[in-house]
Amino acid sequence: MNHSDTSNIVDEIATLRDALFHLALLQLRNKSEAEDATQEAILAALESHTGFEHRSSLKTWLISILRFKVLDIIRAKKRLLPVSNMAKLEEELDVTVFDSLFEENGCWSAPKDAWSDPHSHVEQVQFFKILEACLTNLSPTASRAFLMREWLELSPDETCAQIGVSSGNLRVILYRARMQLRHCLDLKWDRNA
Amino acid sequence: MSHQVPITCKDTTWLVSDARERELTSEEKAALTAHIEHCELCQGASKQFEVLFRQLGMFLGKSGSP
Ligand SMILES: [Zn+2]
């Protein structure tokens, strides 16, 4: 791909705006904050796009700028105090998914389909759409915690402080988020096409 | 002499998740490998997690799309 034409790159940045907003929203779970982060990332990209060196795709570059804007917003906020109330946490977690996954003896209750990575660009676009839908299905707490770890790469300690939970609770939240994502993708992704 | 406690499928999923936060102990790694080696269900599930984490990395802009 050739991004050397300035008007091209400006157009392309604009077409990626929605994708950036959706990612910011999954992390922040707040529309106006997600708008702000997206707006700032786009402005920063437009100001510095001549410095974009094509070592990565434009989208990857934009996501890395967005990441810093989201981090600024998160770190500027007052941290919550740890909540030791596990009952409140349980409310946020979708427990029903887990009832049917394992037998009482801890064995999987159903065979697992063999997944393979998407084979083409079209398949990958489809996979990402489903992944985004599955991330949206997570509770706000689970989504924020999961993406703080997997995207922002905050340490487990900082993630606990930001979410306001103990490290034991964080472990449960992340476990369930990963299990829910696998389950959701298993239901929605037709990978044997 | 190593004395290995067998783990369940459910235990393996906890270890697969925990491994994203911390380095597993050598006992945990051994138990995980031993279980998956003999369990077809967990072979399927760990392949699914592998695909999930790899695609998530691409979705989050951490590695290039094909
Ligand atoms: Zn198993």
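Residues numbered from 1 in each chain as written. Chains lettered and ligands numbered in written order. Predicted model: local features only at pLDDT ≥ 70, side-chain atom pairs only at ≥ 80, totals over all residues. Heavy atoms only, no water.

Notes on the overall build of chain B
Next up, step 1: Scanning chain B from terminus to terminus reveals 3 helices and 0 strands.
Next up, step 2: Its helices and strands in sequence order give chain B the pattern α-α-α, from N to C terminus.
Next up, step 3: A globule of 66 residues ought to have a C-alpha radius of gyration of about 11 Å, yet chain B, at 14 Å, is considerably larger.
Next up, step 4: Of all 66 residues assigned to chain B, the portion counted as buried reaches 44%.
Next up, step 5: The contacts of chain B with a sequence gap of at least 6 include a subset with a gap of at least 24, amounting to 43%.
Next up, step 6: Total accessible area on chain B stands at roughly 3700 Å², and carbon and sulfur atoms take up 56% of it.
Next up, step 7: Taken as two groups, the 7 positive and 9 negative side-chain charges of chain B have centres that lie 8 Å from each other. (Helix = DSSP H or I, 4+ residues; strand = E, 2+ residues; numbered from the N terminus. Rg over C-alpha atoms; globule rule 2.2 N^0.38 Å. Buried < 20%, exposed > 50% of the residue type's maximum accessible area, 1.4 Å probe, protein only. Contact = heavy atoms within 4.5 Å. Areas by Shrake-Rupley, 256 points an atom, 1.4 Å probe, with all protein chains shown as cover. Lys, Arg positive; Asp, Glu negative; His and termini not counted. Charge placed at Lys NZ, Arg CZ, Asp CG, Glu CD.)

Digging into the interface of chain A and chain B
Next up, step 1: Counting residues at the interface gives 40 residues for chain A, matched by 29 residues for chain B.
Next up, step 2: Together chain A and chain B conceal approximately 3300 Å² of surface at their shared face, both sides included; 64% is due to carbon and sulfur atoms.
Next up, step 3: When the area that chain A buries against chain B is broken down by residue, the three leading residues are Trp108(A), Tyr175(A) and Arg178(A), summing to 19%.
Next up, step 4: Linking chain A to chain B there are 6 salt bridges.
Next up, step 5: In this structure, Arg178(A) and Glu21(B) form a salt bridge, with 2.9 Å as the shortest nitrogen-oxygen distance. (Buried area = accessible area lost by both parts, 1.4 Å probe. Salt bridge = Lys/Arg side-chain N within 4 Å of Asp/Glu carboxyl O.)

Some remarks on helix α4 (residues 58–76) of chain A
Next up, step 1: With 19 residues, α4(A) should cover 27 Å at 1.5 Å per step; its first-to-last C-alpha distance of 28 Å lies within 8% of that length.
Next up, step 2: Those residues of α4(A) not exposed but buried are Leu58(A), Thr60(A), Trp61(A), Leu62(A), Ile63(A), Ile65(A), Leu66(A), Val70(A), Leu71(A), Ile73(A) and Ile74(A).
Next up, step 3: Buried residues along α4(A) sit in contact with α1 (6–15), α2 (17–28), α3 (31–48), α8 (140–150) and α9 (156–163) of chain A together with α3 (40–59) of chain B. (Expected span 1.5 Å × (residues − 1).)

Structural notes on the coordination of the zinc ion
Residues and elements named next belong to chain B.
Next up, step 1: Around the zinc ion, the protein supplies Cys9 (SG), His35 (NE2), Cys39 (SG) and Cys42 (SG) as donor atoms, at distances of 2.0 to 2.3 Å.
Next up, step 2: Note that the zinc ion binds 4 donor atoms; their angles at the metal cover 100 to 114°, and the shape is tetrahedral.
Next up, step 3: Ordering the donors of the zinc ion by residue number gives the pattern C-x25-H-x3-C-x2-C. (Donors = N, O, S within 2.8 Å, 3.2 Å for Na, K, Ca; no water. Tetrahedral: all angles 85-135°; square planar, octahedral: opposite > 155°, others 65-115°.)

Some thoughts on the nonpolar core
Next up, step 1: In terms of nonpolar packing, the biggest core is built from 75 residues, with Leu66(A), Val70(A) and Trp151(A) touching the most fellow members.
Next up, step 2: The element best represented in this core is α4(A), accounting for 10 residues.
Next up, step 3: There are two domains that each give this core at least three residues, and those are domain 1 (1–87) and domain 2 (113–193) of chain A.
Next up, step 4: Those residues within four positions of Trp151(A) in sequence are excluded, and the remaining contacts are Leu23(A), Gln27(A), Ile63(A), Leu66(A), Arg67(A), Val70(A), Leu60(B) and Lys62(B). (Core = buried A, V, L, I, M, F, W, Y, C linked by side-chain atoms within 4.5 Å. Domains from an automatic or database assignment.)

What about the packing of α2(A) against α4(A)?
Residue and element names in this part refer to chain A.
Next up, step 1: α4 packs onto α2 with a crossing angle of 35° between their chain directions and a minimal axis gap of 10 Å. Note that α2 runs across α4; the crossing there is right-handed. Residues Ala19, Leu20, Leu23, Ala24, Gln27 and Leu28 of α2 lie in contact with α4, whose contacting residues are Lys59, Leu62, Ile63, Leu66, Val70, Ile73 and Ile74. (Axes fitted to C-alpha atoms, helices over the stretch in contact; angles between N-to-C directions. Left-handed = near helix turned anticlockwise from the far one by under 90°.)

A closer look at the domain arrangement of chain A
All names here are of chain A.
Next up, step 1: Under the domain assignment, chain A is made up of domain 1 (1–87) and domain 2 (113–193).
Next up, step 2: Summing the contributions of domain 1 and of domain 2, the shared interface buries around 1900 Å²; its carbon and sulfur component is 56%.
Next up, step 3: Linking domain 1 with domain 2 are 1 salt bridge.
Next up, step 4: The closest approach of N and O atoms between Glu158 and Arg75, which form a salt bridge, is 2.9 Å.
Next up, step 5: Every element with two or more residues in the side of domain 1 that touches domain 2 is listed here: α2 and α4.
Next up, step 6: When residues in the side of domain 1 that touches domain 2 are grouped by element, the largest group, 7 residues, is from α4.
Next up, step 7: Looking at side-chain class alone, the side of domain 1 that touches domain 2 contains 13 nonpolar, 2 polar and 4 charged residues. (Nonpolar A, V, L, I, M, F, W, Y, C, P; charged D, E, K, R; others polar.)

With respect to the state of the cysteines
As used here, a disulfide is simply a covalent bond connecting the sulfur atoms of two cysteines.
All names here are of chain A.
Next up, step 1: A complete count under the given rule lists 1 disulfide over all chains for this structure.
Next up, step 2: There is a disulfide in this structure between Cys134 and Cys184, and the S-S distance comes to 2.0 Å. Here the disulfide of Cys134 and Cys184 is left-handed, its torsion about the S-S bond being about -80°. Here Cys134 is found in helix α7 (residues 121–137), whereas its partner Cys184 is found in helix α10 (residues 167–188), with 50 residues between them in sequence. (Disulfide = S-S within 2.5 Å.)

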